[in-house]
Structures are given as C-alpha cells and as structure tokens.
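Inside the fold
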Amino acid sequence: MEENSIQIKAERIRDVIRYISKFKNAAIVIHLDDRIIDSPLFTNHIRDISLLHEAGLKVIIVPGARKRIDNSLTEKNISWTIKNNSRITSEDAMPIIKDAAFDVSNMVMTSLAGEHLTAVIGNWVRARGKGVLQGVDYATAGEIDKIDDQTLKTVLDNGFIPIFPCIGWSLNGKPYNISSVQLASQIAVHLKADKLFYLIPDAEISSKYFEIPVEQGLSPDGCIPAMNIEELDKFLLLNKKPDKQKLKNNNSNTIFFDSMISMIKIAKNAVTSGVTRVHIINGSIEGTIPCEIFSDLGSGTMIYASNYGKFRAMHREDIPAVLSLIRPFVKRKILLPRTEEQLESTYNDYIVYELDGAIRGCAALHIYDRTQAEIAAVAVDETCAHIGIGPKMIEYLITKAKTINLNNVFILTTQTADWFEKLGFQADSIDTLPEERKAKWNPKRGSKLFRLKISEN
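Below: a short report on this structure. Please read all numbers here as calculations on a predicted model, not as lab measurements. (Residues numbered from 1 in each chain as written. Predicted model: local features only at pLDDT ≥ 70, side-chain atom pairs only at ≥ 80, totals over all residues. Heavy atoms only, no water.)

So, about the pattern of salt bridges. Summed over the entire model, instances satisfying the criterion amount to 21 salt bridges. Among the salt bridges present, the one from Asp-233 reaches Lys-268, with a minimum N-O distance of 2.7 Å. Remark: Lys-268 occurs in helix H10 (residues 254-272) and Asp-233 occurs in helix H8 (residues 229-238); sequence separation between them is 35 residues. Arg-312 serves as the salt-bridge partner of Asp-318, at 2.8 Å between the closest nitrogen and oxygen. Each member of the pair, Asp-318 together with Arg-312, is buried. (Salt bridge = Lys/Arg side-chain N within 4 Å of Asp/Glu carboxyl O. Helix = DSSP H or I, 4+ residues; strand = E, 2+ residues; numbered from the N terminus. Buried < 20%, exposed > 50% of the residue type's maximum accessible area, 1.4 Å probe, protein only.)

Structure below.
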C-alpha cells in the first residue's frame, strides 16, 4: 500500500476518534422526514443512529408523519389544508392524526429494537391551540407550550432513546397536532443541543438549485458544506426568489426551493436561539449521518454561529501538525521543506486555520526591513481545499501587514502564480527582493516573485 494512501486513511481515523471525543455525551436531535421512514434506506439510517448512540451521543428522534397522516385522512374522506406549515382540519380528524403519528413513532422504535436499543415514546410536550390568527381558525393545530425536560433528562441518563410524536397535549389532556419540524427545533433549543439534524430526501443546497454568493466556499460537487449566520443572511438575500431556469433544468420545482429556504430559516432561528449546529442532510444517500458528524466537511450543509473554523496564531505545540500539513506540498515541490527546528524559531510568524480542533491550513508572514513582508508556507488540507480557506488566510495576513504599516507583501512561487494573480498580486523582478531574502533565493528552483502593494508610503 502506498504511503500516501495510508496517511489519508490514518487521517480519517484520527478525525473519527477526535469527533467521538468531542461529542461524547452531546445531545443530538434528529428529525426524520417520514419519506425517509418509508424508503429502502431507513434501516441503514437507523443502524447509523444506533452507532451514534453506542459512541456515547445522547440521541433524540423526532419522526415526521405528514405522509402517513395525509393517507389516513384521505382514507376517511376527511379534508384538510396546510397553512404556515400547520394542518387545518376538523376536530373529528384528531384521533386519526394521533394514531398515524404514533404508528410512525412505533415504526422507529421497532427498528431501534432491531439494533438492540431501547427507545421510549412519550407525551413530553405540553401544547396549546394556535387558535384564530388573522381570521383563520387553526382548529386542531397546536403550538409547543412546554417540554418536560426533567423526564426527558431521566430517559437520556438511563441510556434510552426518546421518540417524540408530532402530538402535544394541553393541561386538560386535549391533543393537538404540531409541526414535527418545529418540534425538533424547539427540543434542540430547549436542550441547548450540540447538533440538530434534518434528514430530508434529496436535500441539497448547491449551485444547481440556488444562487451562491461569490465568496462562499463550495465542496467539489458544488454544495455548500457550511454557513455561518453572516454567510446565511447573504445566501437568503440572494435567493429571495427561485431561479426558474435552474429548477427547470434539474427537474425540480418551486416547492423544493421553498421548502429548502424554509428549512434554512428554521436552522437560523435554532442557531440564534442556542443550538450549536444545525445540519440539513440528504436522506437519499446511505451513510450521510456519520459522514456529517465524523468528518470536517460532512455530507450536507451545516449552519452554525461560531466555534467551527477559525484563524489563530500558531502555537509551539502545533508544529507536528503543521509539518504534517505541508509535507504533501513539499513532495509536489510546491513548498520548500521546513524542519522542526526552523518552525521552532519562526512559529510566531505563522497563523493556522483550526477546524473543530484539527489544523487544516497554515501560512506565514515573514517581515523584512519593516516595509515589506513575505507570505510563505501557504498550505490547506486537500479535504478543505474548496471552501475558501486559502484566500481567507491571505486576506488575514494582508490585514495584519496593514495594521503594522507595511508598504507591500510578496510571495515566491513555482506553481501557484495564477492563484496569487487572481488575488491581486503582480509579477515583479527578483532584484527587488530584500537582500536577506535574495540571498536565500535558489536560481535552480526558479521561483517567481509576485507582489501586492498595500500602502502608497
């Protein structure tokens, strides 16, 4: 087996171990769209959920039941309408709705039992009727009033998996139909959950269906792997209306567009209300849940507020990770080799990009004669190469150079000239290098010089 292949596998294993340690005992709420429950992949997803539970995560499941309720009401010739994500129907529909919701929850519980896990279906949600809003009587549709967190905590502490049907009860014991999507969000907010998952068929926030902000990083297949709140607001502003041509070309429609935009807005509200991260993932793909949890970029789109990826100064203890990061670039002769001793003496010049505790990018700013500086050792892990870390690191160092009143920054490169030119650097003569740096320049390597002016002084 090739050395590089072993290194890639080892890094993936390290990622899994790191994330298991990070999320042990973390609360994770999973909303299962009922189209997933009826799909051939349902048992695979249940198996993955059981693995999360065995890894020490506290799993809460909220199954959707819209399809089952639709079919049950149709069989009984009971009509309904959907308004603002709430089902409006007559009082005699409620026993049918309740039975359908509990049937779906029982399916989930039975599947978990097949994985030797104990799940509990409970009436832990107190609800109240939505009442009459703007002249519309919402009848049996309810809103969440309170969640019985004490009982829920006991269930979780005993190692059970709680399952929440989309039914809530009033103080007088009257049942109400509540949105499972909103219920999952409210439970996650109530628990200050580390993660909230929406497992939806064919969910994809990508350039195929949506307009993407220019600066937004994408995965190799054109999907948005992660957005913070600021990036999310830009995305929503750009997608106020669907691009009908995009939807037509991809055999989709505005229902898909509207549902995904609605889900993104719900994710935003959850994050701004205290949920650490919300994940919208494609339930039509096997293995999407563990991939989303146990890898940096996952398989879907993650919405987060902070504490995901960040730039920071390099510390001495980062040296082994940085050496490992730049090693592939040295082998391809993109970067010059660095030794541990060299990094020991210059680590204060470096910044790193830390993603969930792992070093995924690095770059250095070496200052010469207090007028200019070299940007060097720019490296980004290939798993993160498509999400815009490189340009952001360069921007970060340019800003740093400006704050200390440098006139310009330069880079020396053999293979990445186009990339730096795209960032505004212009070719310059090697003769303009500071004498100290010129003495280290190797004509056999033939690195080209590119410079960016940041001050007219």
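This part takes up the sheet that holds strand S17 (residues 309-313). Read from one edge of the open sheet, seven strands run S17-S18-S19-S20-S21-S23-S22, paired in mixed fashion. In this open sheet, the two strands that pair with only one neighbour each are S17 and strand S22 (426-428). For this sheet, the mean inter-axis angle between neighbouring strands, taken without regard to orientation, is 30°. In terms of strand pairing, S17 meets strand S18 (residues 350-355) through five bridges, oriented antiparallel. By the bridge assignment, Lys-310 is partnered in S18 with Glu-354. On top of the sheet, helix H12 (residues 319-331) reaches S18, strand S19 (358-368) and strand S20 (372-380); it is set at about 85° to S19, its chief contact. Contacting S17, S18, S19, S20, strand S21 (408-413) and strand S23 (448-453), helix H14 (residues 389-403) runs over the sheet at an angle of about 160° to S20. (Pairing = 2+ DSSP bridges. Axes fitted to C-alpha atoms, helices over the stretch in contact; angles between N-to-C directions. Contact = heavy atoms within 4.5 Å.)

Across its 20 residues, helix H5 (residues 94-113) extends 28 Å between first and last C-alpha, which sits within 8% of the 28 Å expected from 1.5 Å per residue. Among the residues of H5, Met-94, Ile-96, Ile-97, Ala-100, Ala-101, Val-104, Ser-105, Val-108 and Leu-112 are the ones counted as buried. (Expected span 1.5 Å × (residues − 1).)

Residues separated by three or four positions in an α-helix point in the same direction, a consequence of the helix having 3.6 residues per turn. Here helix H7 (residues 180-191) contains 12 residues, and its C-alpha end-to-end distance of 16 Å stays within 8% of the 16 Å for a straight helix at 1.5 Å per residue. All of the buried residues along H7 are Ser-180, Val-181, Leu-183, Ala-184, Ser-185, Ile-187, Ala-188 and Val-189. Each element contacted by the buried residues of H7 is listed here: strand S1 (27-32), strand S2 (58-63), strand S6 (125-129), strand S9 (142-147), strand S13 (195-200) and H10. The distance from a side-chain oxygen at the start of H7 to the backbone nitrogen of Val-181 is 3.3 Å, and the residue carrying that oxygen is Ser-179. Where H7 terminates, the next one or two residues include Lys-192, which has phi positive at roughly 50°. (Polar contact = N/O pair within 3.5 Å; in protein donor to acceptor, adjacent residues only side chain to side chain.)

Turning next to the packing of aromatic side chains. If you walk through the whole model with that rule in mind, you get 11 aromatic pairs. Here the aromatic cluster, defined as three or more aromatic residues joined through ring pairs, consists of Tyr-209, Phe-210, Phe-235, Phe-256 and Phe-257. Directly above the ring of Tyr-138 sits Lys-130, whose terminal nitrogen or CZ lies 4.8 Å from the centroid. (Phe/Tyr/Trp six-rings, centres within 6.5 Å; stacked < 30°, edge-to-face > 60°. Lys NZ or Arg CZ within 6 Å of the ring centre and 35° of its normal.)

Our next topic: unusual backbone geometry. The phi torsion at Asn-77 lies on the positive side, around 55°, for a residue other than glycine. Along the chain, Asn-77 falls in the loop between helix H4 (66-75) and strand S3 (81-83). The exposure class of Asn-77 is exposed, given its relative accessible area of 73%. For Asn-85, which is not glycine, the phi dihedral falls at a positive 65°. One can find Asn-85 in the loop between S3 and strand S4 (86-88).

On inspection of all chains with the given rule, the structure shows zero disulfides. This cysteine, Cys-223, is not joined by any disulfide, and Cys-291 carries the nearest cysteine sulfur, 12 Å off. You can call Cys-223 buried: its relative accessible area is 16%. Assessed through its relative accessible area of 32%, Cys-291 is described here as partly exposed. (Disulfide = S-S within 2.5 Å.)

Shape descriptors only; they carry no functional weight alone.
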